[in-house]
Amino acid sequence: MDSERPRVRPSLLAVAAQCRLRFVREVGGGVGMVRFSRANADRAFLVGNLVEQAIEQAHLGGGLDGLLHTEPPEGLLAEERWLFRRGLDHYVELAGERPGVPRTPDERFPLIEHSSGRFALSLRLDLTFDIEDGGVELRRLGFGAPRTDVGEDPRVHAQAVHLARDGAAFVQVAHLDLLHGVLREALLDRDRIRRAAHDIGERVLDVLDDPAPQASPGWWCHQCPVLRSCPVVSQQPPAELILMATGEVG
Ligand code: SF4
């Protein structure tokens, strides 16, 4: 791995379409970046991780029955304990009968390098299962509806590209909303995945090659790590900044 090569996380692919300046600065990393406090989001992330770990262990242990009786870990608040239990109950309901052989955690942390050699796409795979006819199911867990169509999410595309390179004949995407108990699915065949790979490469290189990436304000500014040094936002009157910081402008 060339340490000089820009590393792009799949979550940044959406940023590239929102604000080119933010994308370039986040990929560049480090200087001037300020992470905003996300206490509530971090707690939700923690519960999500605990749910995913319990599910993964159950799959690797041979069955989901134990999930029906799994107690929430110590240290969770009452509503977090409720969320944990609700997540497991909904998972069993939605995925209990789905076919597939689970892949091990070691297979979920690869590093993908785009064939252009110009940047590295680093990612962590969601739960993955080998299914019939050489396919792989990518099972995404969430507490809520996805922001975009599950088959159009660039984070899904990045994973599908890796799985196809690894030999998957197709990728079945299943988004499980563990809060509401809703399943959404999409099928990505190899042609669709090939187009997705092309789109990712074009999108990233188009921004990286831009000699003067523009700042484009929007609702996404409220969590932007380079907001304080942003040439556009720093010109805003204080009232606008407050609205932006709370995500109230779009
Ligand atoms: S604050 Fe908004 S406009 Fe400025 S770099 Fe960040 S996302 Fe872009």
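The structure we're discussing is the one just above.
All of these numbers come straight from a predicted model, not from anything done at the bench. (Residues numbered from 1 in each chain as written. Predicted model: local features only at pLDDT ≥ 70, side-chain atom pairs only at ≥ 80, totals over all residues.)

Colleague: Even after reading the chapter, I still don't get the overall build of the chain, so can you show me in this structure?
Modeller: A tally of helices and strands in the chain yields seven helices and eight strands. Expressed as a percentage of the 250 residues in the chain, the buried residues total 28%. Across the chain, every contact between residues at least 6 apart in sequence was considered, and the portion connecting residues at least 24 apart equals 67%. (Helix = DSSP H or I, 4+ residues; strand = E, 2+ residues; numbered from the N terminus. Buried ≥ 20, exposed ≤ 12 C-beta atoms within 10 Å, placed from the backbone. Contact = placed C-beta atoms within 7 Å.)

Colleague: Help me understand the pairing of strand E6 (residues 136–142) in this model?
Modeller: Each regular strand displays side chains that alternate between the two surfaces of the sheet. Most of E6 sits inside the fold, with five of its seven residues counted as buried. As defined by bridge partners, strand E5 (residues 127–130) adjoins E6 across four bridges and the pair is classed as antiparallel. From the neighbouring strand, Leu127 faces E6, where its bridge partner is Arg139. Here E5 folds back onto E6, and the loop between the two strands holds five residues, one of which, Asp133, carries a positive phi near 60 degrees. With seven bridges connecting them, E6 and strand E7 (residues 170–177) associate as parallel partners. When the bridges of E7 are listed, Arg140 appears paired with His175. In the classification by handedness, the crossover that spans E6, the intervening helix H5 (residues 154–165) and the parallel E7 is right-handed. (Pairing = 2+ DSSP bridges. Right-handed = clockwise from strand over helix to strand, strands pointing away.)

Colleague: Before we go on, may I ask you to explain helix H1 (residues 11–18) in this structure?
Modeller: Residues three or four positions apart in an α-helix share a direction because the helix packs 3.6 residues into each turn. Regarding H1, the residues found buried are Leu13, Val15 and Ala16. Viewed end-on, H1 has its buried residues packed into an arc of 155 degrees, placing them on one side of the element. Buried residues along H1 sit in contact with helix H2 (20–28), H5 and helix H6 (190–208). (Arc of directions from axis to C-beta.)

Colleague: Got a minute to help me understand the site of the ligand in this structure?
Modeller: Neighbouring the ligand are 14 residues; Cys19, Ala215, Cys221, Cys224 and Cys230 lie closest to it. A per-class count over the shell around the ligand returns twelve nonpolar, one polar and one charged. (Near = placed C-beta within 6 Å. Nonpolar A, V, L, I, M, F, W, Y, C, P; charged D, E, K, R; others polar.)

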